[in-house]
Structures are given as structure tokens and as C-alpha cells.
Amino acid sequence: MSELRARVDAMRPEREGPTRTADPRPPDNFPGRGNYVPYIAFGLCGFLLFDVAFGILWSAQVLAQHDAAAWEAHLARFANPLWIVWHVFCLAALTWFALRFFGLFPKTQPNVKIGPFQRPSLAVIGGLLNVTFAVVTFIAVLVLGGGLL
Amino acid sequence: VKALLVRLEPIIWGLFGGGMMVAALLYPAYLLVFGVAGPMGVLSESALSYERMAALTGNPIGKLVLIAMIALPLWAGAHHVRHIFLDFGGLARDGLVGSLCYAVALVGSVVAILAVLAI
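This text gives an overview of the structure that appears in the document.

Conventions used here
- Residues numbered from 1 in each chain as written.
- Chains lettered and ligands numbered in written order.
- Predicted model: local features only at pLDDT ≥ 70, side-chain atom pairs only at ≥ 80, totals over all residues.
- Heavy atoms only, no water.
- Contact = heavy atoms within 4.5 Å.
- Buried area = accessible area lost by both parts, 1.4 Å probe.
- Polar contact = N/O pair within 3.5 Å; in protein donor to acceptor, adjacent residues only side chain to side chain.
- Helix = DSSP H or I, 4+ residues; strand = E, 2+ residues; numbered from the N terminus.
- Nonpolar A, V, L, I, M, F, W, Y, C, P; charged D, E, K, R; others polar.
- Expected span 1.5 Å × (residues − 1).
- Bend = angle between axes of the 7 residues up to and from the residue.
- Phe/Tyr/Trp six-rings, centres within 6.5 Å; stacked < 30°, edge-to-face > 60°.
- Buried < 20%, exposed > 50% of the residue type's maximum accessible area, 1.4 Å probe, protein only.
- Lys NZ or Arg CZ within 6 Å of the ring centre and 35° of its normal.

The next subject is the interface of chain A and chain B. Contacts between the two partners involve 55 residues from chain A and, on the opposite side, 52 residues from chain B. When chain A packs against chain B, close to 4,600 Å² is buried across both sides, 82% of that on carbon and sulfur atoms. Contact with chain B buries surface across chain A, with A:Phe50, A:Ile56 and A:Leu144 losing the most and accounting together for 15% of the total. Taken together, the links from chain A to chain B amount to 6 residue pairs in polar contact (both at pLDDT 80 or more). For the side of chain A that touches chain B, the secondary-structure elements that each account for two or more residues are α1 (36-63), α2 (68-77), α3 (81-104) and α4 (122-145) of chain A. Here the side of chain A that touches chain B gets 19 residues from one element, more than from any other, and that element is α1(A). Of the residues that constitute the side of chain A that touches chain B, the class distribution is 41 nonpolar, 12 polar and 2 charged.

For the rest of this paragraph, the subject is helix α2 (residues 9-37) of chain B. Counting along an α-helix, one turn takes 3.6 residues, and residues three or four places apart therefore face a common direction. Given a rise of 1.5 Å per residue, 29 residues ought to cover 42 Å, and the 39 Å separating the end C-alpha atoms of α2(B) matches this to within 8%. The largest bend in α2(B) amounts to roughly 40 degrees and is located at B:Leu26, with the proline B:Pro28 lying one to four residues further along.

Turning to the packing of aromatic side chains, a few remarks are in order. In total, this model carries 16 aromatic pairs over all chains according to the counting rule given. Pairing A:Phe42 with A:Phe97 gives two aromatic rings, centres 4.7 Å apart and planes at 25 degrees, and the pair type is stacked. With A:Phe42 in helix α1 and A:Phe97 in helix α3, this pair connects stretches of sequence that are 55 residues apart. Summarising the aromatic geometry, the rings of B:Trp75 and B:Tyr102 are spaced 6.1 Å apart at their centres and angled 20 degrees between planes, so their arrangement reads as stacked. Remark: B:Tyr102 occurs in helix α5 (residues 94-117) and B:Trp75 occurs in helix α4 (residues 60-89); sequence separation between them is 27 residues. Judged by its relative accessible area of 5%, B:Tyr102 is buried. Each residue in the set A:Phe101, A:Phe102, A:Phe105 and A:Phe133 is aromatic and connected to the rest through ring pairs, giving one cluster. Sitting over the face of the ring of A:Phe42, A:Arg100 holds its NZ or CZ atom 5.4 Å from the ring centroid.

Structure follows, in C-alpha cells:
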């Protein structure tokens, strides 16, 4: 009995035709539903990073003037209620951003050995990151707020 | 431009990763103290005084932390903003948008280094 095999060109169309690939388009739920909402919100936090970084740069430039009065005037600006509301929003948004980042970070780690040790589980890595976040935030608040140093 | 961005990708990713970690660890504390507690009068008067802030940022470690707090998150922000534009606008303008985002981060980083060294 002879061996039956499919010919490699069995499905080739008789004539050349246009490629039938569909035009690229966003997924059906993009961007307003499902997991796309936190994904987009996480990306939009990039604008907040710009805002806060340039805010700190502004403060550094005022400090670089070596003028105590200019520094006091700079701080007084932040007492405006609109600034406080904006900073409360940034605080809430970037805290969520940080916790989401620490939630995503372990999933990016390859499952490899570190020297003779097996990589810790994702839950351990995530837990350590969250504990580090809490400790560093506590110490940074103490240092910046005058409770330490 | 697009080819240059691809070639610089490892450096950009390093700065982006560092910026994510610095911003995630330090920005909530900064915003809580400078943006909320200080202006609302929760802290002592001397906590945010010029003398104390100048002393904190006047030493090499303070300067290094301050430069990292400004420059690295600028690169993280640039990368996020670039990818938001990629998600909504596609690849067509990525060369222009990516270049603009990273240019903002680069100029901001240089200005930050100069400003902090002048403290």
C-alpha cells in the first residue's frame, strides 16, 4: 500500500489574490471596559510623574536661589486649596500606581535559580515589595516631615 | 529617528525601570509631606523651613537622592506617555512622539542636575 501524503501546495489558490489579513483595529473593549480601564489609567499616570517631577525640580530651583524668603513664598503657594486638592489627587493616584506596579513586578521575573537558591515565589516577591514600600514611605515621611534627621 | 529609539531602547528601559521604582517608593511620601501635611499645617513650622531643606539637600547623599527623585521618574513618565500615544494613535507618529517625550526627560534631567548642584 502506497503512503498517502498531503501535497505541500494542496491549499494554494489557483490564482494570486489580495492578502486577506484584516486591517488592524483596537480590541472590542478598548479602552473603556474590562482590564483596559486600569491599564489606561496606569499609563496616564505618566503625566502625573511628569507633573510631580517638574514640581520637585521647581522646588530645587527655588532652593538653589539660597533665599529663605523665596522658599517661604514657594511653600505658601502650596497652601492654596486648589494645590492641596490637586496634591491629594496625585497622592491617591500615585499610591495606586505604586501598588499596581508592585503587583505587576513579580510577574515579570523569570523562574530561574539565583546561585544555589530557587527564586522565591511570586507571592513572597510581591509581599516583600509591599513591605518595602510601607517601610520606605514611613521613613521618607519621617525624614521629610522633620521627625528624623 | 525610529531606528535611533530602537537602538537606545536598553538605556531607555534602564532609566524607565529605575524611574518606576524611585517614583513608586518616594512620590507618595513626598506628596503627603509637601503637598498635603505641610500646607495644611500638620507639621511643625521648622520641618519644611529653608534651613532644614538646605541642610537635607546640601550634602552629597541628599543631592544624589534629589537628582534621582527628579530625573529618573521623568524617564518613566516619558515612557508611559509614549505608550499611551502608541495605544491610541498607533505607530504612525511614534518616532515624533517618542522623541519629544524622551527629549523632555533628557532636558529635565540636565536642568535637574544643574539645579541640584547649585543648592
